[in-house]
Amino acid sequence: MAVYDMKPTKSAPVNSKGAWHWVRENLFSSPLNILLTFLGVGLLYLIIPPFLQWAYFDATFIGSTREDCAVNGGACWVFINYKLDMFMYGFYPEGERWRLNLGLGLFVLLLLALRYLKSTLMKFAFFNLFLVAAAILTIGGTLGLEMVPTDRWGGLMLTIVVAATGIIVAFPIGVFLALGRASDLPIIRSICVTYIEFIRGVPLITILFMSSIILPLFFPEGITFDKLLRALIGIAMFEAAYIAENIRGGLQAIPKGQYEAADAIGLSYWQKMGLVILPQALKVAIPNLVGVSIALFQDTTLVLIIGLFDLLGMVRLSAADSYWLGFETEGYVFVTFIFWFFCYSMSRFSQRLEKRFNTNLQ
Amino acid sequence: MLAALRNEKVRGFLFQLLTVVGLVAFLWYIGVNTLHNIEQRGIQTGFGFLEGTAGFGIYESPISFTETDTHARVFLVGLLNTLIVGFTGILLATILGIFIGILRLSNNWLIRKIAAAYIDIFRNIPILLQIFFWYNVVLKSLPGPRHSLEFFDTFFLNNRGLLIPQFSWNSTTLTVLASFVVAAVAIFFLNRWANIRQEKTGEPFTVIWIGIATFILAPIVGFFIGGADFGFSYPELRGFNFSGGKSISPEFLALTFALTIYTATFIAEAVRSGIEAVGKGQKEAAISLSLSPYQTLKLVILPQAIRISIPPIINQYLNLVKNSSLAAAIGYPEIVTVFAGTSLNQVGQAIEIIAITMLVYLTISLSVSAILNWFNHKMKIKER
Amino acid sequence: MEENNIIEIKNLNKWYGDFHVLKEINLTVKKGEIIVVCGPSGSGKSTLIRCINRLEEFQEGSIVVDNIELTHDIKKIKAVREEVAMVFQHFNLFPHLSILDNLTLSPMWVKKMARKDAEALAMKYLTRVNIAEQAHKYPNQLSGGQQQRVAIARSLCKNPKIMLFDEPTSALDPEMVAEVLDVMIELAKEGRTMVCVTHEMGFAKKVADRIIFMDNGQIVEENIPDKFFKNPESDRLKLFLEQILSH
């Protein structure tokens, strides 16, 4: 009955697009919204300017004594500056700190290697090389490096050691626990389930107490457990259970057909898991695993309760220094920024990983 | 024989056998060493210590406690304090979390961003750091008792804590409590009646406003019936400190604030993901059926959102209770601080004490898990 | 508005941001007419019918439904929605309610019917779409075709003057398309105004009064089914028919 001509594409009417329209739609679209916008602006006004005033405008950045801070009224970043070495390296001997810096440099190299190397085997090899190198550098005692006992480790360096070791050790244990929990063998399954549910039911602090007080009792008198080692064992045991649960989620996301196909082509259990199932399960579980890592990074602060001086512990110790009394707030703000930096970086990394792996699955 | 070894079932059996043997051997090894070490250090075994005298005081306890009380009573006080801080934290965190979660979904861009910023900020600060911040920075910098911040001359805030009037358990208090219960029951039955009536005649009956009014009026009526006097004991400044009234310690305040603010971020995210998980199509279908926005929320969106949000929210409650153990860092006398802390130092029987403490948390966790599983099971029936 | 017209769309223009998604749409639907809207993906056909019950807003032009003009006025929007019901591509049944409850929801809460009456009404329409025996099951227990028939019954409980169908069979497995189309063909015989966005040309041939072809946000050609398929006039329609009817 009718045929129509091609109609031209027009630009949208002026009042329905552009910055002014966006502001109207998103901030002032109704009386309630207008009120909310004003309340929101008011809230920001109450919080942000005073904080900036204290942290930046009135703050003292340069100096070396507390008198320098008394000049302006605001934050005394001199305190942080003065103690920065202790916050970063703990009690590590000054002359040996280059080893830690070297370790950091090697880590950057590792990141580049992981990014640009193609072969998984090479990546794995590099990773292990890095671990060995980092361990030697940090502990010392061989290759002409002086041994630095763990009671001199502290600050951010200790936080990273605890977090990294925790994740690296807990991960394989978690994988085995997850596989065990999904296993057909009843005894293996019960042991794994019991372990996982037990650990997840109790607070980390009780596990740390257990590993620092009770663990030494389990072994003959001759064997001494370094304080840090006890904490690491506790943390690894704890995080392994949570990692196991995340991997279990990944395993459940794998369709049964994958298991059946692997069986059909004659793979043994370990081949099936290692070559077909786990790689897929881990990809699915990655966002959650990074979440566990972020939580672990924050959990490292608990070691200060059992007498180790992680970053937070170090800051608290320094703030109790009789000369620098009263600057705890600066210390806590500093620690907060460090944690934000690490946690945000890990979140962003997780989002990038998700994007990369999303293209492979469905 | 070798053929048997290749048999799947045989291998499985052998593997398990080896594991069990290995485990038993390991436990044996540990057991022997432990007994030896304990003897060496002169530590007792068994649970007799529970009847021993504690020899230390606990300044904040819902029940009476003196130095001559037993360790068993220490355990009880610690447990009660854990439950009190857990309960308060859960209540406040839920309210704050739901509030922030709703703000997160607002169609006002600024409010949405502020809520998101709150969540991002407080989720990434370790809970222990937050506790220290409240305790060492905020509460310690409050003025001393003589210069307390006061509100209406009845509430006082200083570096020794928060002082509020303390009611006595007299007829007024009991009547007001009773009237809350009566109001709740009445509203429950009113709701039932309204539902039945609507099914029969189709006439809807809005219970909510009557419900709110009842909850406000009933206690007021009860107040007057009961004698109109709570028997308040007011905190009064006598010399250097206050007497009378109820004192809430800075440790409790710091712990509760930190736990509330931290846990609320996770609850807010759970609320948001619950509501967002209800697909856009559901709302469109409701619109197409001419349901009002209120009806859409009540009948379509919320029932589905709640089902999705409840398991993670309950998980967060568990986390809050577990995180309350960090009170050990600031000395709030909950179970880890006093029992696995002070009592353990006194008695030395680490294994028994830590085991009991873990058992408490395990019991709480497993009970909550059981409830969650029952909840999930009920939901599964409806959804294939 | 002319006596017989139930939908009048005049010079409708819609933009998503700066993207011109509906261009100068002019469409009139008479009472009882069955209109099929077809066209390639992205042509704006779903957007167009979603404007009719205000699931989408528009920036220029006017839509008048049964003498009510669709503006920003909430009362008018509500009045229009009372007369229009939509069946969605993904059914959108409420998963937490039984089939019966899915249907009685609107009569009970909007028309304030008593439960007994609402259930009777529901069973009547469930029987009409041949699915009465599933009344006490839950949506996830039904197949796609069954769910869509329930969705149609749910819309019918409103007794709407206009029924909109947004690609109702596109999400179904092939063997279930027929059962849904059969229901729609039955409905067409009853005299209700229907506007369907669909690729099912067999259905269009059988029941449509008019077929509208859209491409690139505008109406390119409209005609009665006979002429539409046998004598397509525009090149774009010829191309489209070639692609669609080639299998």
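Residues numbered from 1 in each chain as written. Chains lettered and ligands numbered in written order. Predicted model: local features only at pLDDT ≥ 70, side-chain atom pairs only at ≥ 80, totals over all residues. Heavy atoms only, no water.

## Notes on the overall build of chain B
Thought 1: Scanning chain B for helices and strands turns up 12 helices and 6 strands.
Thought 2: With respect to the principal axes defined by its C-alpha atoms, chain B has extents near 80 × 75 × 40 Å.
Thought 3: Across the 384 residues in chain B, those meeting the buried criterion constitute 42%.
Thought 4: Sequence-distant contacts, at least 24 apart, represent 65% of the contacts inside chain B between residues at least 6 apart.
Thought 5: Working note: accessible area of chain B is about 20400 Å², and carbon and sulfur atoms make up 68% of it.
Thought 6: Counting 27 positive and 20 negative side-chain charges, chain B places the centres of these two groups 13 Å from one another. (Helix = DSSP H or I, 4+ residues; strand = E, 2+ residues; numbered from the N terminus. Buried < 20%, exposed > 50% of the residue type's maximum accessible area, 1.4 Å probe, protein only. Contact = heavy atoms within 4.5 Å. Areas by Shrake-Rupley, 256 points an atom, 1.4 Å probe, with all protein chains shown as cover. Lys, Arg positive; Asp, Glu negative; His and termini not counted. Charge placed at Lys NZ, Arg CZ, Asp CG, Glu CD.)

## Quick notes on the overall build of chain A
Thought 1: When helices and strands are tallied, chain A shows 14 helices and 1 strand.
Thought 2: Radius of gyration (C-alpha) of chain A: 27 Å, far over the 21 Å computed for a compact globule of 362 residues.
Thought 3: If you line up chain A on its principal axes, its C-alpha atoms span 95 × 80 × 40 Å.
Thought 4: A total of 362 residues make up chain A; the buried ones form 41% of that total. (Rg over C-alpha atoms; globule rule 2.2 N^0.38 Å.)

## Digging into the sheet that holds strand β7 (residues 162–166) of chain C
Thought 1: Taken in spatial order, the 7 strands line up as β1(A)-β10(C)-β9(C)-β3(C)-β8(C)-β7(C)-β6(C) in an open sheet, and their pairing is mixed. Each edge of the open sheet carries a strand with a single partner, namely β1 (2–3) of chain A together with β6 (84–87) of chain C.
Thought 2: Against the sheet, helix α5 (residues 144–156) of chain C makes contact with β6 and β7 of chain C, and its axis sits at roughly 175 degrees relative to β6 of chain C, the strand it touches most.
Thought 3: Of the strands in this sheet, β3 (34–38), β7 and β8 (193–197) of chain C are in contact with helix α6 (residues 174–189) of chain C, which crosses β8 of chain C at around 150 degrees. (Pairing = 2+ DSSP bridges. Axes fitted to C-alpha atoms, helices over the stretch in contact; angles between N-to-C directions.)

## Re the packing of helix α3 (residues 99–109) of chain C against helix α4 (residues 115–128) of chain C
Residues and elements named next belong to chain C.
Thought 1: Contact pair α3 / α4: the axes reach a minimum separation of 9 Å and the direction vectors enclose 120 degrees. Judged by the angle between their axes, α3 and α4 are oblique. Crossing angle aside, the handedness with which α3 passes α4 is right-handed. Here Ile-99, Leu-100, Asp-101, Leu-103, Thr-104, Pro-107 and Met-108 of α3 lie close against α4, whose contacting residues are Arg-115, Ala-118, Glu-119, Leu-121, Ala-122, Met-123 and Leu-126.
Thought 2: Taken together, the residues of the contact of α3 with α4 sort by class into 10 nonpolar, 1 polar and 3 charged. (Parallel < 35°, antiparallel > 145°, perpendicular 65-115°, else oblique. Left-handed = near helix turned anticlockwise from the far one by under 90°. Nonpolar A, V, L, I, M, F, W, Y, C, P; charged D, E, K, R; others polar.)

## Notes on the confidence of the model for chain B
Low pLDDT means the predicted atomic positions in that stretch should not be read closely.
Thought 1: The predicted model of chain B averages 87 in pLDDT, with 98% of residues at 70 or higher.
Thought 2: Interface predicted TM-score (ipTM) for the complex: 0.87; the corresponding pTM is 0.86. (pLDDT = per-residue confidence, 0-100.)

## Comments concerning the interface of chain C and chain B
Thought 1: With 28 residues of chain C at the interface, the matching set in chain B holds 27 residues.
Thought 2: Taking both partners together, chain C and chain B bury about 2700 Å²; carbon and sulfur atoms supply 57% of that area.
Thought 3: Of all residues in chain C, Phe-94, His-96 and Trp-109 of chain C give up the largest surface area on contact with chain B, accounting jointly for 26% of the area buried on that side.
Thought 4: Run the count over chain C and chain B and you get 2 salt bridges.
Thought 5: A salt bridge links Glu-199 of chain B to Arg-115 of chain C; its shortest N-O distance comes to 2.7 Å.
Thought 6: In this assembly, chain C and chain B are joined by 12 residue pairs in polar contact (both at pLDDT 80 or more).
Thought 7: Split by residue class, the side of chain C that touches chain B holds 15 nonpolar, 5 polar and 8 charged. (Buried area = accessible area lost by both parts, 1.4 Å probe. Salt bridge = Lys/Arg side-chain N within 4 Å of Asp/Glu carboxyl O. Polar contact = N/O pair within 3.5 Å; in protein donor to acceptor, adjacent residues only side chain to side chain.)

## Quick notes on empty space enclosed by the protein
Thought 1: In the structure shown here, the tally under the stated rule is 1 cavity of 30 Å³ or more.
Thought 2: Roughly 40 Å³ of internal volume is contained in the largest cavity.
Thought 3: In this structure, the largest cavity is lined by Leu-289 and Ser-290 of chain B together with Glu-82, Ser-106, Val-110, Lys-111 and Lys-158 of chain C.
Thought 4: Across the lining of the largest cavity, the residue classes tally to 2 nonpolar, 2 polar and 3 charged. (1 Å grid on protein atoms, 1.4 Å probe; cavity = no way out; pocket = protein on both sides within 12 Å on 5 of 7 lines; lining within 4 Å. Points joined across faces, edges and corners; volume = space filled by probe spheres on them.)

## So, the interface of chain A and chain B
Thought 1: Facing the 52 residues of chain A at the interface are 49 residues of chain B.
Thought 2: Three residues stand out in chain A for area buried against chain B, namely Leu-217, Phe-218 and Gln-298 of chain A, and they jointly supply 13% of the buried area on that side.
Thought 3: For the pair chain A and chain B, the interface holds 15 residue pairs in polar contact (both at pLDDT 80 or more).
Thought 4: In the side of chain A that touches chain B, the residues fall into 37 nonpolar, 10 polar and 5 charged.

## Brief notes about unusual backbone geometry
Residues and elements named next belong to chain B.
Thought 1: For Ser-290, which is not glycine, the phi torsion reads 70 degrees and is therefore positive.
Thought 2: Its location among the elements puts Ser-290 in the loop between α9 (280–288) and α10 (293–323).
Thought 3: Since its relative accessible area comes to 13%, Ser-290 is described here as buried.

## Here's the deal with the pattern of salt bridges
Thought 1: Tallying each qualifying case throughout the model produces 31 salt bridges over all chains.
Thought 2: A salt bridge links Asp-101 of chain C to Arg-115 of chain C; its shortest N-O distance comes to 3.6 Å. Separated by 14 residues along the polypeptide, Asp-101 of chain C in helix α3 and Arg-115 of chain C in helix α4 bring together distant segments of the chain.
Thought 3: By relative accessible area, which is 24% here, Asp-101 of chain C ends up partly exposed.
Thought 4: Measuring nitrogen to oxygen at the nearest pair gives 2.8 Å for the salt bridge that ties Glu-179 of chain C to Arg-149 of chain C. Here Arg-149 of chain C lies in helix α5 and Glu-179 of chain C lies in helix α6, a separation of 30 residues in the sequence.
Thought 5: The exposure class of Arg-149 of chain C is buried, given its relative accessible area of 10%.
Thought 6: Within this structure, Lys-280 and Glu-284 of chain B together with Lys-14, Arg-50 and Glu-56 of chain C form a network of salt bridges that share partners.

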